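Summary of the model geometry
The chain contents come next:
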Amino acid sequence: MQITGDMLIGGSAVRGTKGTLRAFDPARNMEIEPEFGAGGTVEVDRACELAALAFDPYRLAPLETRARLLEAIADNIVALGDALIERAQAESALPKARLEGERGRTVGQLRLFASLVREGRWLAATLDSAMPERKPLPRSDLRAQKIPVGPVGVFGASNFPLAFSVAGGDTASALAAGCPVVVKAHPAHLGTSELVGRAIQKAVADSGLPEGVFSLLVGAGNEIGEALVAHPAIKSVGFTGSRRGGVALVNIAAKRREPIPVFAEMSSINPFFVLPGALAKRAEAIATGFVESVTLGVGQFCTNPGLVLLLDGPHKQTFIDAAAKALAQKGAQTMLTAGIANAYKDGVSQRRELNGVQSIAQGQQSDASCSALPALFQTNAMQFLATAQLEDEIFGPTSLIVTCSDIAEMVKVAEYIEGQLTATLQIEPEDYEIARQLLPTLERKAGRILANGFPTGVEVCHAMVHGGPYPATSDARATSVGAMAIERFLRPVCYQDLPAALLPQALHDENPLKLLRILDGKPVQA
Ligand code: NAP
């Protein structure tokens, strides 16, 4: 499939006329063909109007049609073959094996949502029988189900050009919910976005669904994204990226005549607690595993462990020495974009200048362009609590070790930090009492709590939570990964005394969709 540099507005390929932009190969430090035409508000209006027109026919189509659409998108992405991987590699400098794995995750995610759509539990079909004889007042027949919210605007992330982008978790869960999707392509992987966008466009056409079920916009600068969030047809937004970008979109959404939710996944430093028993028994093994996690994918994971908490004591130095030694062997590698590499360099140099912070290791220099040199820092809890910048995420292969004089100080740091995607405990049975002191705080702070693992690596499954309190996300009630991600794009509707002929199928007495339903407060399997 050829990359043309066009936007995909419904079933059409449209050339933007508001300037031009090109993708960039960070490893070769050069622009990549072809030139893309940037769109403006005219194209945003057109894509959103088509999405609004498509909403009712799409959501009211049989669930089987929706499930097959998701599967067809997955099949079409696989059919793109090596061309997709090669383009994504050129645009992101991510290794081939990593991108192949990410493609597997992307199509697996689409198929998971297809099976979820068929199974129908997300409809939350609930029936309360009428009680005409009830005194003093009779009760009506009340039936409820969830319906999609409406067209969704999606902003893909730079660090997952497939799994968190055009056909990533936001798009898959929104389409599964019954919402048309308008994607704003990430400028760091324009060609990859077009290829995947065309795979979705073809699947929509082959399914016989309205063209407005999917559109892909390309813009130069913030204007197109701002217009997308502000458009009255858009009823919800999924975003992964910087805190600044996420907060800007949340503010636009809140100021609309009709405010809408923005599910923005933004910033997390993922605290990593090494408790005394684990430190005594496994200091070196934990330290080397931690360095692998920090430097994996040039540290470009939102779940990167950017903060380590250790207790003072005889084994503290064993951990620090082993981590410093392991990190010093890691080479500088190319980052996703020149902008991200510059932001990393600035963040690390600023940290180096802070009072009370020691630089304890750095990786090996290399000639790689747009590269990041791994770096490890150390401070103590008092300094950490007194220096606000130490809590800032530095996106890349770096972390900060914070030493605590006792458990109370460790709990104090846990209490002080902002909301997180993850919190990790390295523990042995003798640490459980301390873990019990930390857990109530960690539950309030994080979306996922791990024991004896490393936070990088997010499984796509039913129980996954990739979310957390602000600034990890803008809405702590949601996850952007896993089956529960569909909940972001649904809302409940109750039908009171509607004649059977007018009720949605999911709520008919005979349960024709064979759903698990709640009948008079009790679960009933068909
Ligand atoms: P970004 O700058 O926030 O961009 C993400 C998307 O949002 C892009 O499509 C961008 O397009 C758009 N956007 C950003 N600000 C906007 C605004 N004010 N109005 C409208 N649209 C806006 O994130 P990034 O380029 O992926 O990475 C930059 C930084 O984000 C990294 O250094 C890192 O700190 C962080 N990051 C975090 C995660 C995470 O998982 N939490 C993932 C990746 C990156 P335009 O620029 O074209 O408007």
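Residues numbered from 1 in each chain as written. Predicted model: local features only at pLDDT ≥ 70, side-chain atom pairs only at ≥ 80, totals over all residues. Heavy atoms only, no water.

- The name given to the protein in an unreviewed UniProt entry is 2,5-dioxovalerate dehydrogenase, with the source organism recorded as Paraburkholderia rhizosphaerae.
- On record in UniProt, under Sequence similarities (unreviewed entry), the comment for the protein is "Belongs to the aldehyde dehydrogenase family." (UniProt positions renumbered as here; feature names shortened; annotations may be inferred.)

**Things to note about helix α7 (residues 223-230)**
- Restricting attention to buried positions, one finds in α7 the residues Ile224, Gly225, Ala227, Leu228 and Val229.
- Of the surrounding elements, those touching the buried residues of α7 are α1 (41-60), β7 (152-155), β8 (181-184), β9 (214-217), β10 (236-240) and α8 (243-255). (Buried < 20%, exposed > 50% of the residue type's maximum accessible area, 1.4 Å probe, protein only. Helix = DSSP H or I, 4+ residues; strand = E, 2+ residues; numbered from the N terminus. Contact = heavy atoms within 4.5 Å.)

**Structural notes on empty space enclosed by the protein**
- The final tally for this structure, using the stated rule, is three cavities of 30 Å³ or more.
- Approximately 120 Å³ is the volume found for the largest cavity.
- Looking at the largest cavity, it is lined by 17 residues, and the ones nearest its centre are Ile269, Gly306, Glu393, Ile394 and Thr398.
- Tallied by class, the residues present in the lining of the largest cavity amount to seven nonpolar, seven polar and three charged.
- In this model, the second largest cavity occupies a volume close to 80 Å³.
- Around the second largest cavity sit Phe263, Ala264, Glu265, His466, Gly467, Thr473, Ser474, Asp475, Ala478, Thr479, Ser480 and Arg488, which together line it. (1 Å grid on protein atoms, 1.4 Å probe; cavity = no way out; pocket = protein on both sides within 12 Å on 5 of 7 lines; lining within 4 Å. Points joined across faces, edges and corners; volume = space filled by probe spheres on them. Nonpolar A, V, L, I, M, F, W, Y, C, P; charged D, E, K, R; others polar.)

**Description of the domain arrangement of the protein**
- According to the domain assignment, the protein consists of domain 1 (42-131 + 138-266 + 477-488) and domain 2 (271-451).
- Just the C-alpha atoms count here: the centres of domain 1 and domain 2 sit 33 Å apart.
- Taken together, the twelve residues of domain 1 in the interface contact twelve residues of domain 2.
- Summing both partners gives a buried area of about 880 Å² for domain 1 against domain 2, and 57% of it is carried by carbon and sulfur.
- Counting across the domain 1 and domain 2 interface gives one salt bridge.
- Between glutamate 418 and arginine 243 there is a salt bridge; the shortest N-O distance is 2.9 Å.
- Between the two partners, domain 1 and domain 2, sit two residue pairs in polar contact (both at pLDDT 80 or more).
- Grouping the constituent residues of the side of domain 1 that touches domain 2 by class yields five nonpolar, three polar and four charged. (Domains from an automatic or database assignment. Buried area = accessible area lost by both parts, 1.4 Å probe. Salt bridge = Lys/Arg side-chain N within 4 Å of Asp/Glu carboxyl O. Polar contact = N/O pair within 3.5 Å; in protein donor to acceptor, adjacent residues only side chain to side chain.)

**Section: the site of the ligand**
- Lining the immediate environment of the ligand, one finds 21 residues, of which Ser158, Asn222, Ser242, Met266 and Cys302 sit closest.
- Lysine 184 places a polar side-chain atom, nitrogen or oxygen, 3.0 Å from an oxygen atom of the ligand.
- Contacts to the ligand include methionine 266, whose backbone N or O atom sits 2.4 Å from a nitrogen atom.
- Taking 860 Å² as the accessible area of the ligand by itself, protein coverage stands at 85%.
- Judged by the proximity of its atoms to the pocket grid, the ligand belongs to the largest pocket. (Near = heavy atom within 4 Å. Areas by Shrake-Rupley, 256 points an atom, 1.4 Å probe, with all protein chains shown as cover. Sits in = over half its atoms within 2 Å of the grid points.)

**A short note on the sheet that holds strand β21 (residues 490-496)**
- The strand order across the open sheet built from five strands is β21-β6-β5-β22-β23, with neighbouring strands paired in mixed fashion. Each edge of the open sheet is held by one strand with a lone partner, namely β21 and β23 (522-524). Going across the sheet, the axis of each strand differs from the next one's by a mean of 25°, ignoring polarity.
- Bridge count between strand β5 (residues 126-128) and strand β22 (residues 517-519): two bridges; the pairing is parallel. Within the sheet, the bridge partner assigned to leucine 127 lies in β22 and is leucine 519. (Pairing = 2+ DSSP bridges. Axes fitted to C-alpha atoms, helices over the stretch in contact; angles between N-to-C directions.)

**Concerning the environment of glycine 16**
- Here glycine 16 shows up in the loop between β2 (12-14) and β3 (20-25).
- Residue classification places glycine 16 among the buried positions, given a relative accessible area of 8%.
- Setting aside its immediate chain neighbours within four residues, glycine 16 contacts Met7, Gly37, Ala38 and Gly39.

**Side note on the layout of surface pockets**
- Counted as a void, the largest pocket has a volume near 1500 Å³.
- Along its surface, the largest pocket is lined by 44 residues, and Gly241, Ser242, Arg243, Arg244 and Gly245 are the ones closest to its centre.
- Of all the secondary-structure elements, those providing two or more residues to the lining of the largest pocket are α7, β10, α8 and α11 (338-353).
- Looking at the lining of the largest pocket element by element, the count peaks at eight residues for α11.
- The class makeup of the residues in the lining of the largest pocket is 17 nonpolar, 18 polar and nine charged.
- Counting residues domain by domain, the lining of the largest pocket receives three or more from each of domain 1 (42-131 + 138-266 + 477-488) and domain 2 (271-451).

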